[in-house]
Amino acid sequence: MRWRLLDRITAFSPWTAIHGRKATSLEEYSLLAPLGREGRLPESLLLESAVQLGRWLALKSSGFQSTCLLESAERFSFLRPLGMGDAVGWEIAVLAKQNETLTVRCAGQCRGEPIAHGTLGLRLVPLADLEAAEPVAMLWEELFRAEA
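Structure report, in brief.

Calculation rules
- Residues numbered from 1 in each chain as written.
- Predicted model: local features only at pLDDT ≥ 70, side-chain atom pairs only at ≥ 80, totals over all residues.
- Heavy atoms only, no water.
- Salt bridge = Lys/Arg side-chain N within 4 Å of Asp/Glu carboxyl O.
- Helix = DSSP H or I, 4+ residues; strand = E, 2+ residues; numbered from the N terminus.
- Buried < 20%, exposed > 50% of the residue type's maximum accessible area, 1.4 Å probe, protein only.
- Contact = heavy atoms within 4.5 Å.

## So, the pattern of salt bridges
Right, on to step 1. For the structure shown, the criterion picks out seven salt bridges.
Right, on to step 2. For E142, the salt bridge identified is with R4, shortest N-O distance 3.1 Å. Separated by 138 residues along the polypeptide, E142 in helix 3 (residues 133-143) and R4 in the segment before strand 1 (8-13) bring together distant segments of the chain.
Right, on to step 3. The exposure class of E142 is partly exposed, given its relative accessible area of 43%.

Here you go:
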């Protein structure tokens, strides 16, 4: 199963920045209950939502010719968990684009307070090697709604 961990993309500037939002679903909130842990969005899924937003940056910037794979996550900190009804607003900014590598800074907030931040190393790869471009472009149209 493939998780879609973004609810909305709210701003985009090619090869520069992208902003998006991810709300905690009931299913995600309940994932840790069988392990005896309180309800919250697991940090691994919060990190993956940032990776997915970075992937959308590469996809749209390249005209759906390239996607990216996670190579590294550095100095990533989770300041507090996301619970039911919480949503993270991610801001991702490109720090460097060299050859086939993107380095991006990620900053997540919930209700105006920082909740996560760090740097991702993303390796660009041809989208055609992994999936068809048309359905991906259609999903972009569903996700992207610029906020004024």
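## Overview of the environment of G108
Right, on to step 1. The residue G108 is located in strand 5 (residues 101-110) in this model.
Right, on to step 2. Judged by its relative accessible area of 2%, G108 is buried.
Right, on to step 3. Along the chain, G108 and I92 lie 16 residues apart, while their C-alpha atoms are 8.7 Å from each other.
Right, on to step 4. Not counting residues within four places of it along the chain, the set of residues in contact with G108 comprises V88, G89, W90, E113, P114, I115 and A116.

## Describing unusual backbone geometry
Right, on to step 1. Even without a glycine there, the phi angle at W15 is positive, about 55°.
Right, on to step 2. Within the element layout of this structure, W15 appears in the loop between strand 1 and strand 2 (17-23).
Right, on to step 3. Looking at W15, the relative accessible area reads 26%, which means it is partly exposed.
Right, on to step 4. In this model, R75 sits at a positive phi of 50°, which is unusual for a non-glycine residue.
Right, on to step 5. Checked against the element boundaries, R75 lands in strand 3 (residues 66-78).

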